[in-house]
Amino acid sequence: MAIVPIKGNWWNAPVERTEALWIGIALVWAIIMFFMMPYWHMVGNQNLSTEAYKVTPDAYEAKVDAFVEKYQVREEGDTGIPVVKPPAGGDVYLLARQFEWYPIVELEKGQNYRIHVSSMDVQHGLSIQPANINIQVHPYYEMIFNATPTDAGEYGIVCNEYCDIGHHTMLGKLYVK
Ligand code: CUA
């Protein structure tokens, strides 16, 4: 036995005119914004082109260790975090883990780099401040994007995906010289 409300089912009632108007406006706006995504990608320097490959945390960590061993130029801070200066135009390996970005990288202004990033544990967010770079970092995926630093200076790397109790302390650094 079906229970039918006294005034009938709401989905059979005619849509009120103003409501239909707003549904129409929202639909048109959603379609516009859908096409703005590729548009901004082409003309607005937004929405990075990324590549993604499957990788285990162990295999990725081995790549990062090899990168650090090969190109480390000094250490920084109390914990002795390595500062790594890869050759201009080369590959850069960044690793995210609770709750640090590793290592510190030093890049050359005007050179294009292929930046790799992956996570050792949970999802993190790579946000390079104040540049407009912001990508999600997942374990088991190696994300790669191309970037050419245009301004010299010290950049902050902020984690912008909540990754547990120390999330707010997950800060890294990147130098452009
Ligand atoms: Cu890592 Cu939040």
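Since this is a predicted model, take the numbers as computed values, not measurements.

Draft legend 1. Summary view of the overall build of the protein chain. On a plain count of helices and strands, the protein chain comes out with two helices and twelve strands. In summary, the protein chain has a C-alpha radius of gyration of 23 Å against a globular reference of 16 Å for 177 residues, an excess of more than 25%. Expressed along its principal axes, the backbone C-alpha trace of the protein chain runs to roughly 75 × 40 × 30 Å. Within the protein chain, counting contacts between residues at least 6 apart in sequence, those at least 24 apart form 57% of the total. When the accessible surface of the protein chain is totalled, it reaches about 11,400 Å², and 59% of it is carbon and sulfur. Of the side chains in the protein chain, 12 bear a positive and 20 a negative charge, and the two mean positions are spaced by 6 Å.

Draft legend 2. Spotlight on helix α2 (residues 57-71). Under the 1.5 Å per step criterion, the end-to-end length of α2 is 21 Å for 15 residues, consistent within 8% with the ideal 21 Å. Buried within α2 we find P57, Y60, V64, F67 and V68. Axial view of α2: buried residues confined to an arc of 95°, hence all on one face. Among the exposed residues of α2, those pointing more than 90 degrees away from its buried face are D58, E69 and K70.

Draft legend 3. The arrangement of the environment of S49 in detail. If you trace the backbone, S49 turns up in the loop between α1 (17-43) and β1 (50-54). Residues S49 and F145 lie 96 residues apart in sequence; the distance between their C-alpha atoms is 6.3 Å. Once residues lying within four places of it in the same chain are set aside, the contact partners of S49 are H41, I144 and F145. At 3.1 Å, the side chain of S49 forms a polar contact with the side chain of H41.

Draft legend 4. Quick look at a nonpolar patch on the surface. On the surface, a cluster of nonpolar side chains totalling about 540 Å² of accessible area is made up of L27, I31, F34, F35 and M37. By secondary structure assignment, the location of F34 is in helix α1. According to the relative accessible area criterion, F34 is partly exposed, its value standing at 49%.

Draft legend 5. Looking closely at the sheet that holds strand β9 (residues 133-137). Spatial ordering of the open sheet is given by β2-β3-β6-β12-β11-β8-β9, a layout of seven strands whose pairing is mixed. Each edge of the sheet is formed by a strand with only one pairing partner; in this case those strands are β2 (72-76) and β9. Pairwise comparison of adjacent strand axes, ignoring direction, gives a mean angle of 25° for this sheet. Note: strand β8 (residues 124-129) against strand β11 (residues 153-159), four bridges, orientation antiparallel.

Draft legend 6. Looking closely at the packing of aromatic side chains. Taken as a whole, this structure holds five aromatic pairs when the rule is applied. With a centroid separation of 5.5 Å and 85° between ring planes, the pair formed by W10 and W11 is classed as edge-to-face. By relative accessible area, which is 55% here, W11 ends up exposed. An aromatic cluster is present here, built from Y60, F67, Y71 and Y93 joined pairwise through their rings. It is R97 that lies over the ring of Y102; its NZ or CZ is 5.7 Å from the centre. Sitting above the plane of the Y175 ring, K177 keeps its charged end 5.5 Å from the centroid.

Rules used in this analysis
Residues numbered from 1 in each chain as written. Predicted model: local features only at pLDDT ≥ 70, side-chain atom pairs only at ≥ 80, totals over all residues. Heavy atoms only, no water. Helix = DSSP H or I, 4+ residues; strand = E, 2+ residues; numbered from the N terminus. Rg over C-alpha atoms; globule rule 2.2 N^0.38 Å. Contact = heavy atoms within 4.5 Å. Areas by Shrake-Rupley, 256 points an atom, 1.4 Å probe, with all protein chains shown as cover. Lys, Arg positive; Asp, Glu negative; His and termini not counted. Charge placed at Lys NZ, Arg CZ, Asp CG, Glu CD. Expected span 1.5 Å × (residues − 1). Buried < 20%, exposed > 50% of the residue type's maximum accessible area, 1.4 Å probe, protein only. Arc of directions from axis to C-beta. Polar contact = N/O pair within 3.5 Å; in protein donor to acceptor, adjacent residues only side chain to side chain. Patch = residues over 30% accessible without salt bridge, like charges linked within 9 Å, V, L, I, M, F, W, Y side chains within 5 Å. Salt bridge = Lys/Arg side-chain N within 4 Å of Asp/Glu carboxyl O. Pairing = 2+ DSSP bridges. Axes fitted to C-alpha atoms, helices over the stretch in contact; angles between N-to-C directions. Phe/Tyr/Trp six-rings, centres within 6.5 Å; stacked < 30°, edge-to-face > 60°. Lys NZ or Arg CZ within 6 Å of the ring centre and 35° of its normal.

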